Amino acid sequence: MSQFLSRLTGITSFVMAPLWNNAQRMQYLTKWLIRSFVVLMVIGLLVWLSQRPIFTLQQIQIEPVGSQALKHINLPIVKNQILEKVQGNFFSVRLEDVKRSFEEMPWVRRASVRRSWPNGLVIGIEEQIPLGTWNSTEGQKLINAAGEVFNGNVAEVDEGVVLISFSGPEGSGKEVVRLYQKANDWFKSWDVKVSTLNLTERYAWSVKLTNGLRVEFGRDEENMSQHLTTERVARLIKYWPQVQAKWPTQIDAVDLRYGNGFAVHMAANNSKRISTK
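Quick summary incoming for the structure in this document. (Residues numbered from 1 in each chain as written. Predicted model: local features only at pLDDT ≥ 70, side-chain atom pairs only at ≥ 80, totals over all residues. Heavy atoms only, no water.)

1. Here's the deal with the overall build of the protein chain
Then, number 1: Secondary structure assignment for the protein chain yields 6 helices and 13 strands.
Then, number 2: Here the protein chain, with 277 residues, has 35% of them falling under the buried criterion.
Then, number 3: Contacts spanning at least 24 positions in sequence make up 46% of the contacts within the protein chain whose residues lie at least 6 apart.
Then, number 4: Of the roughly 17800 Å² of accessible surface on the protein chain, a fraction of 55% belongs to carbon and sulfur atoms. (Helix = DSSP H or I, 4+ residues; strand = E, 2+ residues; numbered from the N terminus. Buried < 20%, exposed > 50% of the residue type's maximum accessible area, 1.4 Å probe, protein only. Contact = heavy atoms within 4.5 Å. Areas by Shrake-Rupley, 256 points an atom, 1.4 Å probe, with all protein chains shown as cover.)

Below, the structure is given as structure tokens:
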């Protein structure tokens, strides 16, 4: 007990004693103050340097991703617009804000941003490549091969590019492109491609081929499985030569929503149901 009281008395005396009477405490405090002063000076110097005009953003370099060429980005105009919007300098600019500004442009799919010493930014752009038009209640837009709808101007699409006409419920772009790819594979043996694909609100779908023929598929869930739809297409292709031999130029549509055959629609507004059983 006496040993504890002796230690407590010693600690109390050390704490309560004036600094100038304790060389060890004075030495520790002096070192701490010097270090703090140096740190504050370094921080102040860095802040002062970061605000020098040399670090004001003046250059924006825009480059395509990979081997892609930028066809729909007006580089001088875009650079001026971004420089007007960007806040901060080389050190303080928020790269995520710059990235978002680029990705809000109609023809930009993705953007990446990095700093370029001492007063520039380098922007990597992946430009949208349109697969077709997207017809919705909001008007005509464009859609890419990933099923992403974007607000590009159809009039700006390169001359010679054939756009597929797509329509479907909001948010169904990926499903529509999947069906387009599937239908193209099915009719490859006919040497035709899909020119139009429509997906209804009930997810029944139909296509129009480049030979002018319209094909109705119905809903995949009504067909119980995608394999059943594939079987019906295979049946159509198998019996199509016989149908063409009988009505060579009169058919403008085929309906595959039948379990034991298919129906053909004549240009003269007649329908014929063909059973394969």
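The structure having been displayed, the exposition proceeds.
2. Some remarks on the layout of surface pockets
Then, number 1: Roughly 270 Å³ of volume is contained in the largest pocket.
Then, number 2: Taken together, 16 residues form the lining of the largest pocket, with W134, S136, P169, E170 and G171 sitting closest to its centre.
Then, number 3: For the lining of the largest pocket, the secondary structure elements donating two or more residues are β4 (130-136) and α5 (173-186).
Then, number 4: Grouping the amino acids of the lining of the largest pocket by side-chain chemistry returns 3 nonpolar, 7 polar and 6 charged. (1 Å grid on protein atoms, 1.4 Å probe; cavity = no way out; pocket = protein on both sides within 12 Å on 5 of 7 lines; lining within 4 Å. Points joined across faces, edges and corners; volume = space filled by probe spheres on them. Nonpolar A, V, L, I, M, F, W, Y, C, P; charged D, E, K, R; others polar.)

3. A closer look at the pairing of β4
For a regular strand, side-chain orientation follows a simple rule: the groups alternate between the two sheet faces.
Then, number 1: Across the 7 residues that make up β4, a large majority, 5, are buried.
Then, number 2: Here β4 pairs with strand β5 (residues 139-144) via 6 bridges, running antiparallel. Each bridged residue has a counterpart across the sheet, and for S136 the counterpart in β5 is G139.
Then, number 3: Joining the antiparallel neighbours β4 and β5 is a turn of 2 residues.
Then, number 4: When β4 meets strand β7 (residues 164-167), the two strands line up parallel, connected through 4 bridges. Bridge assignment links T133 to a residue of β7, and that residue is S165. (Pairing = 2+ DSSP bridges.)

4. What about unusual backbone geometry?
Working note: non-glycine residues mostly have negative phi, and peptide bonds are mostly trans.
Then, number 1: With omega at 0°, the peptide bond leading from W117 into P118 counts as cis.
Then, number 2: Position of P118 among the secondary structure elements: in the loop between β2 (108-116) and β3 (120-127).
Then, number 3: With a phi close to 60°, D191 is a non-glycine residue in the positive phi region.
Then, number 4: Structurally, D191 is set in the loop between α5 and β8 (194-199).

5. A look at the sheet that holds β2
Then, number 1: If you trace the 3 strands from one edge of the open sheet to the other, you get β1-β3-β2, paired in mixed fashion. Sheet topology places β1 (59-64) and β2 at the edges, where each strand pairs with a single neighbour. Taken pair by pair, the neighbouring strands of this sheet meet at an average axis angle of 20°, ignoring direction.
Then, number 2: As paired elements, β1 and β3 share 6 bridges and run parallel to each other. Residue pairing in the sheet places Q59 in a bridge with G120 of β3.
Then, number 3: Each of β1, β2 and β3 touches helix α4 (residues 95-103); the most contacted strand, β2, lies at about 150° to it. (Axes fitted to C-alpha atoms, helices over the stretch in contact; angles between N-to-C directions.)

6. A few points about the packing of aromatic side chains
Then, number 1: The final tally for this structure, using the stated rule, is 10 aromatic pairs.
Then, number 2: For the pair F187 and W190, a centre-to-centre distance of 5.2 Å together with 45° between the ring planes defines the contact as tilted.
Then, number 3: Between W205 and F217 the ring centres are 4.1 Å apart and the planes differ by 15°, which places this aromatic pair in the stacked class. With W205 in strand β9 (residues 204-209) and F217 in strand β10 (residues 214-219), this pair connects stretches of sequence that are 12 residues apart.
Then, number 4: The class of W205 is buried, set by a relative accessible area of 1%.
Then, number 5: Overall, the relative accessible area of 1% leaves F217 in the buried class.
Then, number 6: Cluster of aromatic residues (ring-pair linked, three or more members): F90, F91 and W117. (Phe/Tyr/Trp six-rings, centres within 6.5 Å; stacked < 30°, edge-to-face > 60°.)

7. Some thoughts on the pairing of β7
Then, number 1: The pairing of β7 with β8 spans 3 bridges and is classified as parallel. Pairing of F166 across the sheet is with L197, part of β8.

These results come straight from atomic positions and should not be treated as a statement about function.
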